[in-house]
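Letter by letter, the chains look like this.
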Amino acid sequence: YKSDEWESYILASSKGGKMLTSQLEYVKCNVCGADDARVVYPARYDLEKKTDLTHKFKSSGDERLIDQVVQCRTCGLRYVNPRLNIKAVVKGYSEGEDETFVGQARGRERTFARQLKIIEKFVKPGRMLDIGTAGGSCLKVARDAGWEVHGIEPNKWLCKWGKKNYGIDIKPGILEDYKFPNNHFDLVTLFDVLEHTGDPKKVLKECSRILKPGGVIAVNVPDLDAWLHKVMGRNWFFYLSVHLYYFNNKTLGKMLRHTGFKPLQRTPHFQLLEVGYLFFRLEAYSKFLSGLGQKVLKAIGLYHVLLPYWLGQSMFLARKEK
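Considering the overall build of the protein chain
Regarding its fold elements, the protein chain presents 12 helices and 15 strands. Residues counted as buried form 55% of the 322 residues belonging to the protein chain. Pairs at least 24 apart in sequence give 76% of the contacts found in the protein chain among residues at least 6 apart. If you sum the accessible surface of the protein chain, you get close to 14,700 Å²; carbon and sulfur atoms cover 53% of it.

Rendered as C-alpha cells:
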C-alpha cells in the first residue's frame, strides 16, 4: 500500500468515518482458532504520526500502540485486530535504511553472546538459523562460537549491511520464502521477531519441520506476565504498533506445545544498549526527558556507555520432540 492510501485510512478512522476495509484484515486467535475476543485497548488512530510504512515498520520502529488490541476469551492470547494487511506490513519491513538500529550492533553482539551461553546448556554448536536477523549481530556471535550460521531478514538494506560488516550472507525475505530441508537445523532463533509476524503458529510449525528431532528453538518476546507490564498497562514500553501479538507463559507455552515443542525454560531477557540510545527511544513518551538526557550524557561523555536493562522481555527455550 502506498503512503497516501495508509494516510487516508488513518484520517477516515480518526474522524470516526468508515474504516477502509480493503486495507484491513480481521484474524481469529492464533493459538486456539476462536473468533471470540474482548477489546483490551481501543484503537487510537488519532495519534498516528507515521504514514510512511517503510518508516513505520523498520527494525528500530518505536511508534506507540495505536491499533486495537483484543484478548481471546478462550485462551487469553492478546493480539491486534483488525490490523493492516500483512502483505503491506512485510513490504514496509523490506524497504528503507536503518542506521539507528545498526548503530547499536556492539551492544547487540554482547546481548546475543550472553543468550547463546544459556542456549548452549541445551544444545551443542551445530547448524543454526536466525529468523529476522536484522544486520546479523546474532549470527556473528554464533559463528565466532563455532556454529554454522544461516539467517533470514526481510530488509534488503540490513542484509547488505550484514554482508559488508560481518561477511555473512543473509537471505532476504521471510521464512515462508524458503523451503529448507526437513530436520536440517540444530537451533532456530527468533529474537524480537515472533510478535511481529502475521501467523506465529505457522512460523513455529515451519521451525519444527526444519529442526532436527531434539533440536532447540529460542524465542524472545515481550512478556505480559512481567510485573512492569502489570504496573504500566497500556503505557508499557512494548505496546508498539509494530507488534501484532502479545504473549505470556501460558499462551506461548501452549503455542509451542501445539507445534511440536516441549518447553524447557523461560528466562528474563536483559539487553545491552548505549544509554544515550535508550534516552533517544524515550522520545515517544517524553520529548523533554529524552532531549535533556541526551544532552547531559553527551556533555559528560557517557552517551555511548553500554547499559544492561530489562523492561519485561523473556526468552523461551523449547525442544523439538522426537
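Details of helix α5 (residues 105-119)
The first and last C-alpha atoms of α5 sit 20 Å apart over 15 residues, in line with the 21 Å expected at 1.5 Å per residue. By the burial criterion, the buried members of α5 are A105, G107, R108, E109, T111, F112, Q115, L116, I118 and I119.

Quick look at the sheet that holds strand β2 (residues 37-41)
Read across the open sheet, the 4 strands follow the order β2-β3-β4-β11; overall the sheet is antiparallel. Both edges of this open sheet fall to β2 and β11 (245-246), since each of them pairs with a single strand only. For strand β3 (residues 69-72) and strand β4 (residues 78-80), the ladder comprises 3 bridges, and the chain directions are antiparallel. In the sheet register, Q71 faces β4, and the bridge partner there is R78.

Some words on the sheet that holds strand β10 (residues 211-222)
The strand order β8-β7-β6-β9-β10-β15-β12 describes an open sheet built from 7 strands, whose pairing is mixed. In the strand order of this sheet, the two ends are held by β8 (170-172) and β12 (261-268), each with one partner. Sheet twist, expressed as the mean angle between neighbouring strand axes with direction ignored, is 20°. As paired elements, strand β6 (residues 127-131) and strand β9 (residues 185-191) share 3 bridges and run parallel to each other. Looking at the pairing, L129 lines up with V188 of β9.

Some details on the pattern of salt bridges
One pass over the full model with this rule turns up 13 salt bridges. The partner of D36 in a salt bridge is R73, with the nearest N and O atoms 3.1 Å apart. Of this pair, D36 sits in the loop between β1 (24-25) and β2 while R73 sits in the loop between β3 and β4, and the two are 37 residues apart along the sequence. Using a relative accessible area of 39% as the deciding quantity, one classes D36 as partly exposed. When the shortest N-O distance is used, the salt bridge between D223 and R266 registers 2.9 Å. Here D223, found in the loop between β10 and α9 (227-232), pairs with R266, found in strand β12; they are 43 residues apart in sequence, far enough to count as distant. For D223, a relative accessible area of 2% translates into the label buried. The class of R266 is partly exposed, set by a relative accessible area of 37%. Several salt bridges share partner residues, and in doing so they unite K140, R143 and D144 into one network.

A short note on the packing of aromatic side chains
The tally for this structure, following the rule as stated, stands at 13 aromatic pairs. Ring centres of W236 and Y239 lie 5.6 Å apart, and the angle between their planes is 80°; this geometry places the pair in the edge-to-face category. Assessed through its relative accessible area of 0%, W236 is described here as buried. One aromatic cluster is present, formed by Y41, W236, F238, Y239 and Y246 through successive ring pairs. When the ring centre of Y303 is taken as reference, the NZ or CZ atom of K298 above it lies at 5.3 Å.

Notes on the confidence of the model for the protein chain
Low-pLDDT stretches of the model should not have their predicted coordinates read in fine detail. Confidence along the protein chain averages 88 in pLDDT terms, with 88% of residues attaining 70 or more. When the criterion is pLDDT under 50, residues 1-12 qualifies, and its contacts beyond four places in sequence or with other chains add up to 28 contacts. Residue range residues 14-21 is modelled with pLDDT below 50. Its contacts to residues more than four positions away, or to other chains, number 13 contacts.

Considerations on the state of the cysteines
Per the counting criterion, the structure on display carries 0 disulfides. Lacking any disulfide linkage, C72 is separated from the closest cysteine sulfur, that of C32, by 3.6 Å. Here C72 falls in the buried class, since its relative accessible area comes to 3%.

A closer look at the pairing of strand β7 (residues 148-153)
Here β6 pairs with β7 via 5 bridges, running parallel. Residue pairing for β7: D130 is matched across the bridge by G151. Pairing of β7 with β8, which is carried by 3 bridges, proceeds in the parallel orientation. Bridging from a neighbouring strand, E153 pairs with P172 of β8. Regarding topology, helix α7 (residues 156-166) serves as the crossover connection from β7 to the parallel β8, and that connection is right-handed.

Reading the values: the criteria
Residues numbered from 1 in each chain as written. Predicted model: local features only at pLDDT ≥ 70, side-chain atom pairs only at ≥ 80, totals over all residues. Heavy atoms only, no water. Helix = DSSP H or I, 4+ residues; strand = E, 2+ residues; numbered from the N terminus. Buried < 20%, exposed > 50% of the residue type's maximum accessible area, 1.4 Å probe, protein only. Contact = heavy atoms within 4.5 Å. Areas by Shrake-Rupley, 256 points an atom, 1.4 Å probe, with all protein chains shown as cover. Expected span 1.5 Å × (residues − 1). Pairing = 2+ DSSP bridges. Axes fitted to C-alpha atoms, helices over the stretch in contact; angles between N-to-C directions. Salt bridge = Lys/Arg side-chain N within 4 Å of Asp/Glu carboxyl O. Phe/Tyr/Trp six-rings, centres within 6.5 Å; stacked < 30°, edge-to-face > 60°. Lys NZ or Arg CZ within 6 Å of the ring centre and 35° of its normal. pLDDT = per-residue confidence, 0-100. Disulfide = S-S within 2.5 Å. Right-handed = clockwise from strand over helix to strand, strands pointing away.

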